[in-house]
Amino acid sequence: MSFDISCFNDFFDEYHRRFTRFAYSYVRDSAIAEDLVMDSAMAFWDKRDSLPTDTNIPAFVLTVLKNKCLDYLRHLKVTQATSSYSQLQLWDIETRYHNLESFDPEEVFKKEIRAIVSRTLSSIRQETRDIFIMSRYEDKK
């Protein structure tokens, strides 16, 4: 995969804030969320040459970030036994963990792509839209 430092910087600028908000919503600590986002971005950078060329990069980084957040929450669950967490705090950690575990990063970006296609289709002439729909969705020539 050809992804130079300039492309990486553009990618990081575009997604950094969203990824940080995502991580924060689960780990509830802004410094940790920031660290996890940086670690996830660096994991992509380290593996960029071995990834298939059709890799959905935002989904890949979000998957890495999801796993890092899960690791962090798993660590919180382990340390809860030796600390003074209340039942409500323990329940909150468990809930965040299970919600994150069922999250599918690929689906987020599929929805985003479908929304872009839908907006674009609604902005073109009806005849062109019909041709596109028949070609792409109905397998017609």
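Structure shown above.
Attention here is on the structure that accompanies the text.

Cut-offs applied
Residues numbered from 1 in each chain as written. Predicted model: local features only at pLDDT ≥ 70, side-chain atom pairs only at ≥ 80, totals over all residues. Heavy atoms only, no water. Helix = DSSP H or I, 4+ residues; strand = E, 2+ residues; numbered from the N terminus. Expected span 1.5 Å × (residues − 1). Buried < 20%, exposed > 50% of the residue type's maximum accessible area, 1.4 Å probe, protein only. Contact = heavy atoms within 4.5 Å. Polar contact = N/O pair within 3.5 Å; in protein donor to acceptor, adjacent residues only side chain to side chain. Core = buried A, V, L, I, M, F, W, Y, C linked by side-chain atoms within 4.5 Å. Salt bridge = Lys/Arg side-chain N within 4 Å of Asp/Glu carboxyl O. Phe/Tyr/Trp six-rings, centres within 6.5 Å; stacked < 30°, edge-to-face > 60°.

### Details of helix α2 (residues 30-47)
Step number 1: Its 18 residues give α2 an end-to-end C-alpha distance of 26 Å, which sits within 8% of 26 Å, the value for a rise of 1.5 Å per residue.
Step number 2: Among all positions of α2, only A33, L36, V37, S40, A41, A43, F44 and W45 are buried.
Step number 3: Buried positions along α2 lie against α1 (5-27) and α3 (57-80).
Step number 4: By the N-cap criterion, in which a side-chain oxygen at the helix start approaches the backbone nitrogen of a residue two or three places on, α2 is capped by D29, the distance to A31 being 3.0 Å.

### Looking at the nonpolar core
Step number 1: Ranked by internal contacts, the top residues of the largest apolar core, which has 35 residues, are F19, F44, L65 and L100.
Step number 2: The set of elements that each furnish at least two residues to this core consists of α1, α2, α3 and α4 (87-101).
Step number 3: Looking at this core element by element, the count peaks at twelve residues for α3.

### Describing the pattern of salt bridges
Step number 1: Under the definition given, this model contains six salt bridges.
Step number 2: A salt bridge links E14 to R18; the shortest N-O distance between them is 3.9 Å. Linking E14 with R18, this pair stays in helix α1, spanning four residues, or about one helical turn.
Step number 3: Here D92 ties to R96 by a salt bridge, and the two come within 3.1 Å at their closest N and O atoms. A residue pair is termed a helical-turn pair when its members lie 3 or 4 positions apart in one helix, as D92 and R96 do in helix α4 at four residues.
Step number 4: The exposure class assigned to R96 is buried, which follows from its relative accessible area of 9%.

### Some remarks on the packing of aromatic side chains
Step number 1: Inspection of every chain in the model, using the stated rule, returns ten aromatic pairs.
Step number 2: Arranged with centres 5.1 Å apart and planes meeting at 40 degrees, the rings of F11 and Y15 form a pair that is tilted. Taken together, the residues F11 and Y15, both in helix α1 and four residues apart, mark about one turn of the helix. As far as burial versus exposure is concerned, F11 and Y15 are alike and both buried.

### So, α3
It helps to recall that an α-helix has 3.6 residues per turn; residues three or four apart then point in one direction.
Step number 1: Here α3 contains 24 residues, and its C-alpha end-to-end distance of 34 Å stays within 8% of the 34 Å for a straight helix at 1.5 Å per residue.
Step number 2: For α3, the capping residue at the N-terminal end is N56, with a side-chain oxygen 3.1 Å from the backbone nitrogen of A59.

### Here's the deal with the environment of K66
Step number 1: Inspection of the secondary structure puts K66 in helix α3.
Step number 2: Using a relative accessible area of 12% as the deciding quantity, one classes K66 as buried.
Step number 3: K66 sits 46 residues away from T20 along the chain, and the two C-alpha atoms are 11 Å apart.
Step number 4: Those residues in contact with K66 that lie beyond four places of it in its chain are F22, L100, E101, F103 and P105.

### Description of the environment of F3
Step number 1: Of note, F3 is situated in the segment before α1.
Step number 2: The spacing of F3 and D49 is 46 residues in sequence and 8.1 Å in space, taken between C-alpha atoms.
Step number 3: Non-local contacts of F3, meaning those with residues more than four positions away in its chain, are made with F8, F11, F44, W45, R48 and I57.

### Brief notes about the environment of T20
Step number 1: As for its placement among the helices and strands, T20 is situated in helix α1.
Step number 2: The sequence separation of T20 and P58 amounts to 38 residues, and the corresponding C-alpha distance is 13 Å.
Step number 3: Every residue in contact with T20, bar those within four places of it in the chain, is listed here: A33, E34 and V37.

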